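Residue-level structural notes
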Amino acid sequence: LEEVHRQPMHSLRTGTPDWAPIRIAAEGIVGPLALVRLLIVLARRGSLDATKNWRHLPPGAAAGTRLADVKQITRADVVRKLLRLALRRFTQRREMAADLVKERELDSAEARYTSAAELAAALVALDDATQRRWKDVLQGVHKELALCLGNAAEMALRLKRWREGLSFALSAVNACR
């Protein structure tokens, strides 16, 4: 599925100039993002390494969840593959956005930059939650996050979305710290 971003229909009819875009990232971003977020939760709870010793799922696990699946997705080699895939995906999104800027498709470029930044932010959060366990794979992800946010800020400002541009710019500065 391709990325969805458009002006809300009511603003087209009313001519409202200030609108909040609707953005839904492509499946290629949402899939790795969801899995990385799950790993973040497990890492923050101190359960990421403990899953290999689980005999049953913890209380509150979703009904369709299988213990074998949880053990598989938390294996170090599988996590490493996921991280490499996620890095490729957000790099592709950033490169697609740069091509869209050249074609003056600023709305589309901004949507690509923001989805890439969202995945990069999740990777940074996982890096922090695991005390830099996969630093060799995630090297440079902080810089990439700052670049994507900075580029999203530029697109928003070019589109005269001042508040959005300010928000992205401040987030880019914070990502550099």
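The structure we're discussing is the one just above.
Below is a short write-up of the structure. (Residues numbered from 1 in each chain as written. Predicted model: local features only at pLDDT ≥ 70, side-chain atom pairs only at ≥ 80, totals over all residues. Heavy atoms only, no water.)

With that out of the way, let us pick up the overall build of the protein chain. Of the regular secondary structure elements, the protein chain holds 7 helices and 2 strands. When the elements of the protein chain are put in sequence order from the N terminus, they spell out β-α-β-α-α-α-α-α-α. Within the protein chain, buried positions represent 41% of all 177 residues. Taking all contacts inside the protein chain whose residues are at least 6 apart in sequence as the whole, residues at least 24 apart take part in 63%. As displayed, the protein chain has an accessible area near 10,600 Å², and 54% of this comes from carbon and sulfur atoms. (Helix = DSSP H or I, 4+ residues; strand = E, 2+ residues; numbered from the N terminus. Buried < 20%, exposed > 50% of the residue type's maximum accessible area, 1.4 Å probe, protein only. Contact = heavy atoms within 4.5 Å. Areas by Shrake-Rupley, 256 points an atom, 1.4 Å probe, with all protein chains shown as cover.)

Once that is clear, we can look at the nonpolar core. Counting 49 residues, the largest nonpolar core has Leu83, Phe90, Leu123 and Val141 as the members making the most contacts within it. Listing elements by their share of this core, those giving two or more residues are helix 2 (27–44), helix 3 (67–73), helix 4 (76–102), helix 5 (106–129), helix 6 (141–158) and helix 7 (162–176). Aside from chain neighbours lying at most four places away, what touches Leu83 is Leu123, Leu126, Trp134, Val137 and Leu138. (Core = buried A, V, L, I, M, F, W, Y, C linked by side-chain atoms within 4.5 Å.)

Moving on, we get to helix 6. Its 18 residues give helix 6 an end-to-end C-alpha distance of 26 Å, which sits within 8% of 26 Å, the value for a rise of 1.5 Å per residue. Where helix 6 is concerned, the buried positions are Val141, Glu144, Leu145, Ala146, Cys148, Leu149, Ala152, Ala153, Met155 and Ala156. For helix 6, the secondary structure elements touched by its buried residues are helix 4, helix 5 and helix 7. Two residues or fewer past helix 6, Lys160 is found with a positive phi of approximately 65°. (Expected span 1.5 Å × (residues − 1).)

Residue placement: Thr114 occurs in helix 5. Placed 24 residues apart in sequence, Thr114 and Phe90 show a C-alpha to C-alpha distance of 10.0 Å.

The next point concerns the side chain of Glu144. Inspection of the secondary structure puts Glu144 in helix 6. Residues within four places of Glu144 in sequence aside, it is in contact with Phe90 and Arg94.

A full pass over the atoms with the stated rule returns 12 salt bridges. For Asp136, the salt bridge goes to Arg80, with nearest N and O atoms at 2.9 Å. Placement of the pair is Asp136 in the loop between helix 5 and helix 6 and Arg80 in helix 4, with a sequence separation of 56 residues. The network of salt bridges with common partners includes Asp107, Glu110, Arg161 and Glu164. (Salt bridge = Lys/Arg side-chain N within 4 Å of Asp/Glu carboxyl O.)

Turning our eyes to something else, we now look at the packing of helix 2 against helix 5. In contact at an axis separation of 9 Å, helix 2 and helix 5 are set at 20° when each is read in the N-to-C sense. If you check the angle between helix 2 and helix 5, you find them roughly parallel. With respect to the hand of their crossing, helix 2 and helix 5 are arranged in left-handed fashion. In contact with Ile29, Pro32, Leu33, Val36, Arg37, Leu39, Ile40, Ala43 and Arg44 of helix 2, helix 5 contributes Ser115, Glu118, Leu119, Ala122, Leu123, Ala125, Leu126 and Ala129. Looking at side-chain class alone, the contact of helix 2 with helix 5 contains 13 nonpolar, 1 polar and 3 charged residues. (Axes fitted to C-alpha atoms, helices over the stretch in contact; angles between N-to-C directions. Parallel < 35°, antiparallel > 145°, perpendicular 65-115°, else oblique. Left-handed = near helix turned anticlockwise from the far one by under 90°. Nonpolar A, V, L, I, M, F, W, Y, C, P; charged D, E, K, R; others polar.)

A separate point is the packing of helix 2 against helix 4. Running from N to C, helix 2 and helix 4 cross one another at 140°; their axes reach a closest spacing of 10 Å. On the basis of the axis angle, helix 2 is oblique to helix 4. The handedness of the crossing between helix 2 and helix 4 comes out as left-handed. Contacts between helix 2 and helix 4 involve Gly28, Ile29, Pro32, Leu35, Val36 and Leu39 on the former and, on the latter, Val79, Leu82, Leu85, Ala86, Arg89, Phe90 and Arg93. Partitioned by chemical class, the residues of the contact of helix 2 with helix 4 number 10 nonpolar, 1 polar and 2 charged.

Turning our attention to the environment of Glu110. By the element assignment, Glu110 lies in helix 5. The buried category is assigned to Glu110, whose relative accessible area is 0%. Considering only alpha carbons, one finds Glu110 and Glu154, 44 residues apart in sequence, at a separation of 8.5 Å. Apart from the residues within four sequence positions on either side, Glu110 is in contact with Arg23, Ala152, Met155, Ala156, Leu159, Arg161, Glu164 and Phe168.

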